[in-house]
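For reference, the chains in residue letters:
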Amino acid sequence: MDANSIDRTADLLDITALFEGMNTAWGRGDADAYGEHFTADATYTTYVGTLYQGRTDIVEAHRALLATFLKGTQLAGQTTDIRFIGADTAVVLSRGDVHKGNKPPRKLRKVQTSTVVRDADGQWRVAAFHNTKRHTVMEAVSFTFAPATRPLAHQ
(Lines give C-alpha, C1' and ligand atoms only; values in the text may rest on other atoms or scores of the structure.)
Protein backbone atom coordinates (compact mmCIF):
# COMPACT_ATOMS: atom_id res chain seq x y z
CA MET A 1 0.00 0.00 0.00
CA ASP A 2 1.50 3.38 -0.97
CA ALA A 3 1.46 6.51 1.21
CA ASN A 4 -1.33 8.11 -0.82
CA SER A 5 -3.76 5.17 -0.58
CA ILE A 6 -3.96 5.07 3.22
CA ASP A 7 -6.51 6.98 5.28
CA ARG A 8 -4.94 10.41 5.94
CA THR A 9 -7.87 11.87 7.90
CA ALA A 10 -5.96 12.11 11.20
CA ASP A 11 -2.91 13.61 9.46
CA LEU A 12 -5.08 16.20 7.68
CA LEU A 13 -6.64 17.19 11.01
CA ASP A 14 -3.21 17.39 12.67
CA ILE A 15 -1.77 19.51 9.86
CA THR A 16 -4.78 21.82 9.97
CA ALA A 17 -4.31 22.13 13.74
CA LEU A 18 -0.63 22.95 13.17
CA PHE A 19 -1.54 26.02 11.12
CA GLU A 20 -4.35 27.01 13.47
CA GLY A 21 -1.86 26.86 16.34
CA MET A 22 0.57 29.08 14.44
CA ASN A 23 -2.20 31.62 13.83
CA THR A 24 -3.23 31.58 17.49
CA ALA A 25 0.35 32.05 18.72
CA TRP A 26 0.86 34.94 16.27
CA GLY A 27 -2.38 36.58 17.43
CA ARG A 28 -1.14 36.45 21.04
CA GLY A 29 2.18 37.96 19.95
CA ASP A 30 3.91 34.85 21.32
CA ALA A 31 7.04 34.27 19.23
CA ASP A 32 8.14 31.28 21.32
CA ALA A 33 4.83 29.44 20.81
CA TYR A 34 4.89 30.40 17.13
CA GLY A 35 8.38 28.95 16.79
CA GLU A 36 7.37 25.63 18.34
CA HIS A 37 5.45 24.91 15.13
CA PHE A 38 8.73 24.71 13.18
CA THR A 39 11.42 22.04 13.12
CA ALA A 40 14.72 22.94 14.79
CA ASP A 41 16.36 23.33 11.35
CA ALA A 42 13.44 24.94 9.51
CA THR A 43 13.84 27.57 6.82
CA TYR A 44 11.47 30.54 6.58
CA THR A 45 11.40 32.88 3.59
CA THR A 46 9.36 36.07 3.95
CA TYR A 47 7.51 37.76 1.10
CA VAL A 48 10.26 40.41 0.95
CA GLY A 49 12.84 37.67 0.46
CA THR A 50 14.42 37.51 3.92
CA LEU A 51 15.59 33.98 4.72
CA TYR A 52 15.65 32.77 8.33
CA GLN A 53 17.39 29.48 9.07
CA GLY A 54 16.56 27.46 12.15
CA ARG A 55 13.89 27.77 14.82
CA THR A 56 15.98 30.15 16.92
CA ASP A 57 16.37 32.56 14.00
CA ILE A 58 12.64 32.34 13.24
CA VAL A 59 11.66 32.93 16.87
CA GLU A 60 13.99 35.88 17.44
CA ALA A 61 12.96 37.59 14.20
CA HIS A 62 9.29 37.14 15.04
CA ARG A 63 9.85 38.32 18.61
CA ALA A 64 11.12 41.60 17.15
CA LEU A 65 8.43 41.79 14.43
CA LEU A 66 5.55 41.03 16.81
CA ALA A 67 6.83 43.71 19.20
CA THR A 68 7.15 46.38 16.48
CA PHE A 69 5.87 46.33 12.88
CA LEU A 70 3.40 43.49 13.41
CA LYS A 71 2.32 44.27 16.99
CA GLY A 72 -1.36 43.56 17.55
CA THR A 73 -1.86 41.80 14.22
CA GLN A 74 -3.66 38.57 13.39
CA LEU A 75 -3.08 36.03 10.64
CA ALA A 76 -5.82 35.11 8.22
CA GLY A 77 -5.29 31.98 6.18
CA GLN A 78 -6.89 29.44 3.91
CA THR A 79 -5.33 26.10 3.01
CA THR A 80 -5.84 25.39 -0.68
CA ASP A 81 -4.08 22.01 -0.97
CA ILE A 82 -2.30 19.39 1.11
CA ARG A 83 -0.31 16.84 -0.88
CA PHE A 84 1.44 13.98 0.90
CA ILE A 85 4.95 13.02 -0.20
CA GLY A 86 5.35 9.82 1.76
CA ALA A 87 4.14 8.89 5.22
CA ASP A 88 5.73 11.74 7.15
CA THR A 89 5.99 14.64 4.69
CA ALA A 90 3.42 16.90 3.03
CA VAL A 91 3.44 20.04 0.90
CA VAL A 92 0.82 22.57 1.99
CA LEU A 93 -0.34 25.38 -0.30
CA SER A 94 -2.20 28.26 1.26
CA ARG A 95 -3.22 31.88 0.96
CA GLY A 96 -2.86 34.30 3.82
CA ASP A 97 -2.50 37.82 5.07
CA VAL A 98 -1.82 39.85 8.18
CA HIS A 99 -4.49 42.17 9.58
CA LYS A 100 -5.44 44.18 12.65
CA GLY A 101 -8.70 43.66 14.48
CA ASN A 102 -11.09 40.74 14.37
CA LYS A 103 -12.29 41.15 10.80
CA PRO A 104 -10.04 39.31 8.33
CA PRO A 105 -9.34 40.91 4.94
CA ARG A 106 -11.66 40.10 2.03
CA LYS A 107 -8.75 39.12 -0.19
CA LEU A 108 -5.77 37.13 0.99
CA ARG A 109 -2.83 38.73 -0.84
CA LYS A 110 -0.09 36.25 -0.04
CA VAL A 111 0.58 32.76 -1.36
CA GLN A 112 2.50 30.31 0.81
CA THR A 113 4.15 26.97 0.30
CA SER A 114 5.06 24.93 3.36
CA THR A 115 6.79 21.59 3.63
CA VAL A 116 5.60 19.90 6.80
CA VAL A 117 7.09 16.81 8.40
CA ARG A 118 6.17 14.50 11.23
CA ASP A 119 8.96 15.17 13.71
CA ALA A 120 10.65 12.54 15.91
CA ASP A 121 8.07 13.27 18.66
CA GLY A 122 5.20 12.44 16.27
CA GLN A 123 4.12 16.08 15.86
CA TRP A 124 3.69 17.74 12.48
CA ARG A 125 5.95 20.78 12.12
CA VAL A 126 6.93 23.15 9.35
CA ALA A 127 10.35 22.30 7.90
CA ALA A 128 10.27 24.94 5.14
CA PHE A 129 8.01 27.94 4.62
CA HIS A 130 7.99 30.30 1.66
CA ASN A 131 5.72 33.33 1.43
CA THR A 132 5.18 35.55 -1.58
CA LYS A 133 2.90 38.50 -2.19
CA ARG A 134 0.46 38.17 -5.08
CA HIS A 135 0.59 40.97 -7.62
CA THR A 136 -2.85 40.66 -9.23
CA VAL A 137 -2.31 43.60 -11.60
CA MET A 138 0.84 41.98 -12.98
CA GLU A 139 -1.03 38.67 -13.25
CA ALA A 140 -3.80 40.35 -15.23
CA VAL A 141 -1.29 41.97 -17.59
CA SER A 142 0.47 38.64 -18.13
CA PHE A 143 -2.79 36.76 -18.69
CA THR A 144 -4.01 39.41 -21.14
CA PHE A 145 -0.88 39.62 -23.28
CA ALA A 146 0.23 36.02 -22.88
CA PRO A 147 -2.91 33.96 -22.18
CA ALA A 148 -0.89 30.74 -22.03
CA THR A 149 0.63 31.97 -18.74
CA ARG A 150 -2.75 31.64 -17.01
CA PRO A 151 -2.70 28.60 -14.66
CA LEU A 152 -5.05 25.82 -15.74
CA ALA A 153 -7.01 26.22 -12.49
CA HIS A 154 -7.94 29.79 -13.55
CA GLN A 155 -9.16 28.99 -17.07
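For the structure itself, consult the block above.
Residues numbered from 1 in each chain as written. Predicted model: local features only at pLDDT ≥ 70, side-chain atom pairs only at ≥ 80, totals over all residues. Heavy atoms only, no water.

**Student:** Hey, could you go over the sheet that holds strand β2 (residues 51-53) for me, with residue numbers and the actual values?
**Tutor:** Taken together, the six strands give an open sheet; going across it, the order is β2-β1-β6-β5-β4-β3, and neighbouring strands pair in mixed fashion. Since the sheet does not close on itself, it has two edges, and those belong to β2 and β3 (73-84), each with one partner. Averaged over all adjacent pairs, the angle separating strand axes in this sheet is 20 degrees, with direction ignored. With three bridges joining them, strand β1 (residues 38-45) and β2 adopt antiparallel strand pairing. Residue Thr-45 lies in a different strand from β2, and its bridge partner there is Leu-51. The strands touched by helix α1 (residues 9-28) are β1, β3, β4 (89-100), β5 (110-118) and β6 (124-133); relative to β3, the strand with the most contacts, the crossing angle is about 160 degrees. Contacts from helix α3 (residues 55-67) reach β1, β2 and β6 within the one sheet, and its direction differs from that of β1 by about 60 degrees. (Pairing = 2+ DSSP bridges. Helix = DSSP H or I, 4+ residues; strand = E, 2+ residues; numbered from the N terminus. Axes fitted to C-alpha atoms, helices over the stretch in contact; angles between N-to-C directions. Contact = heavy atoms within 4.5 Å.)

**Student:** Give a detailed account of the nonpolar core, specifying residues and quantitative values.
**Tutor:** Ranked by internal contacts, the top residues of the largest apolar core, which has 25 residues, are Ile-15, Phe-19, Phe-38, Tyr-44, Val-116 and Val-126. Counting residues per element, the ones that place at least two in this core are α1, α2 (31-35), β1, α3, β4 and β6. For this core, the leading source of residues is α1, giving six residues. Beyond its immediate sequence surroundings of up to four residues, Ile-15 is in contact with Ile-82, Phe-84, Ala-90, Val-92, Val-116 and Trp-124. (Core = buried A, V, L, I, M, F, W, Y, C linked by side-chain atoms within 4.5 Å. Buried < 20%, exposed > 50% of the residue type's maximum accessible area, 1.4 Å probe, protein only.)

**Student:** Which residues make up the environment of Asp-119, and what values go with them?
**Tutor:** With respect to the helices and strands, Asp-119 occurs in the loop between β5 and β6. According to the relative accessible area criterion, Asp-119 is partly exposed, its value standing at 28%. When the C-alpha atoms of Asp-119 and Asp-88 are compared, they prove to be 8.1 Å apart, with 31 residues separating the residues in sequence. Apart from the residues lying within four places of it in its own chain, the contact partners of Asp-119 are Thr-39 and Arg-125.

**Student:** Any chance you could break down the side chain of His-62 for me, citing the residues and the numbers?
**Tutor:** With respect to the helices, strands and loops of the structure, His-62 is situated in helix α3. Side-chain polar atoms of His-62 contact the side chain of Tyr-44, separated by 3.2 Å. Excluding anything up to four places from it in sequence, His-62 contacts Trp-26, Ala-31, Tyr-34 and Tyr-44. (Polar contact = N/O pair within 3.5 Å; in protein donor to acceptor, adjacent residues only side chain to side chain.)

**Student:** Describe the pairing of β4, listing the residues and the values that go with them.
**Tutor:** Here β3 runs beside β4; their pairing, made up of eleven bridges, is antiparallel. Directly across from Arg-83, in β4, lies its bridge partner Val-91. Counting the residues that bridge the hairpin from β3 to β4 gives four residues, and of these Gly-86 lies at a positive phi of roughly 100 degrees. Where β4 meets β5, eight bridges bridge the pair, whose relative direction is antiparallel. Across the sheet, Leu-93 pairs through a bridge with Thr-113, a residue of β5.

**Student:** I'd like a rundown of the layout of surface pockets, residues and numbers included.
**Tutor:** Of the voids in this model, the largest pocket is the one considered here, and its volume is about 650 Å³. Lining the largest pocket are 34 residues, with Tyr-44, Leu-75, Gln-112, Phe-129 and Asn-131 positioned closest to its centre. Listed by contribution, the elements that provide at least two residues to the lining of the largest pocket are α1, α3, β3, β4, β5 and β6. With six residues, α1 is the single largest residue contributor to the lining of the largest pocket. (1 Å grid on protein atoms, 1.4 Å probe; cavity = no way out; pocket = protein on both sides within 12 Å on 5 of 7 lines; lining within 4 Å. Points joined across faces, edges and corners; volume = space filled by probe spheres on them.)

Don't take any of this as a statement about function, it's just geometry.
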